[in-house]
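Each chain, letter by letter, is given below.
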Amino acid sequence: MNKREVKSGKEILDDFFRDIEKMPEVNQKIAKSLASLYEQGKLTDTNVKNELQNLREKDGD
C-alpha cells in the first residue's frame, strides 16, 4: 500500500479483527468470538452481549 493511501473503514476493521487474537492482554476466547461475529457480518450489540454471556456460562461450568 502506498504510504499516502488512506485505508477505508472496512480495511481498518478487517485488519483489526484479523489481528485481535495477537494483541497482548486480550482474552483469546473473547477475541475469537468477536472476530467470528465480525467475519459472519453479525457484529451487533445484541450478538456481542449474547456471546459474552455464553462465554461466562461456559467458564462457570
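What counts, and at which threshold
- Residues numbered from 1 in each chain as written.
- Predicted model: local features only at pLDDT ≥ 70, side-chain atom pairs only at ≥ 80, totals over all residues.
- Heavy atoms only, no water.
- Axes fitted to C-alpha atoms, helices over the stretch in contact; angles between N-to-C directions.
- Helix = DSSP H or I, 4+ residues; strand = E, 2+ residues; numbered from the N terminus.
- Left-handed = near helix turned anticlockwise from the far one by under 90°.
- Contact = heavy atoms within 4.5 Å.
- Salt bridge = Lys/Arg side-chain N within 4 Å of Asp/Glu carboxyl O.
- Buried < 20%, exposed > 50% of the residue type's maximum accessible area, 1.4 Å probe, protein only.
- Phe/Tyr/Trp six-rings, centres within 6.5 Å; stacked < 30°, edge-to-face > 60°.

(A) Seen up close, the packing of helix α1 (residues 9-19) against helix α2 (residues 28-39). Relative orientation of the contacting elements α1 and α2 amounts to 145°, with a least axis distance of 10 Å. Here α1 and α2 pass one another in a crossing that is left-handed. In contact with Lys-10, Leu-13, Asp-14 and Phe-17 of α1, α2 contributes Leu-34, Ala-35 and Tyr-38.

(B) Summary view of the pattern of salt bridges. Considering all chains together, one arrives at 6 salt bridges under this definition. Among the salt bridges present, the one from Asp-15 reaches Arg-18, with a minimum N-O distance of 2.3 Å. A residue pair is termed a helical-turn pair when its members lie 3 or 4 positions apart in one helix, as Asp-15 and Arg-18 do in helix α1 at 3 residues. Residue classification places Arg-18 among the exposed positions, given a relative accessible area of 53%. Ionic pairing is found between Lys-29 and Asp-59, a salt bridge with its closest N-O pair at 3.0 Å.

(C) Here's a closer look at the packing of aromatic side chains. This model, assessed by the stated rule, comprises 2 aromatic pairs. Plain terms: the ring middles of Phe-16 and Phe-17 are 5.0 Å apart, the flat faces sit at 85° to each other, and that makes the pair edge-to-face. Taking relative accessible area as the criterion, Phe-16 reaches 37% and is therefore assigned partly exposed. Taking the relative accessible area as the measure of exposure, Phe-17 reaches 10% and is therefore buried. Joined through ring pairs, the aromatic side chains of Phe-16, Phe-17 and Tyr-38 make up one cluster.

(D) Representation of the environment of Leu-52 in the model. The topology assignment puts Leu-52 in helix α3 (residues 45-60). Assessed through its relative accessible area of 27%, Leu-52 is described here as partly exposed. Sequence separation of Leu-52 and Lys-7 is 45 residues, and the distance between their C-alpha atoms is 30 Å.

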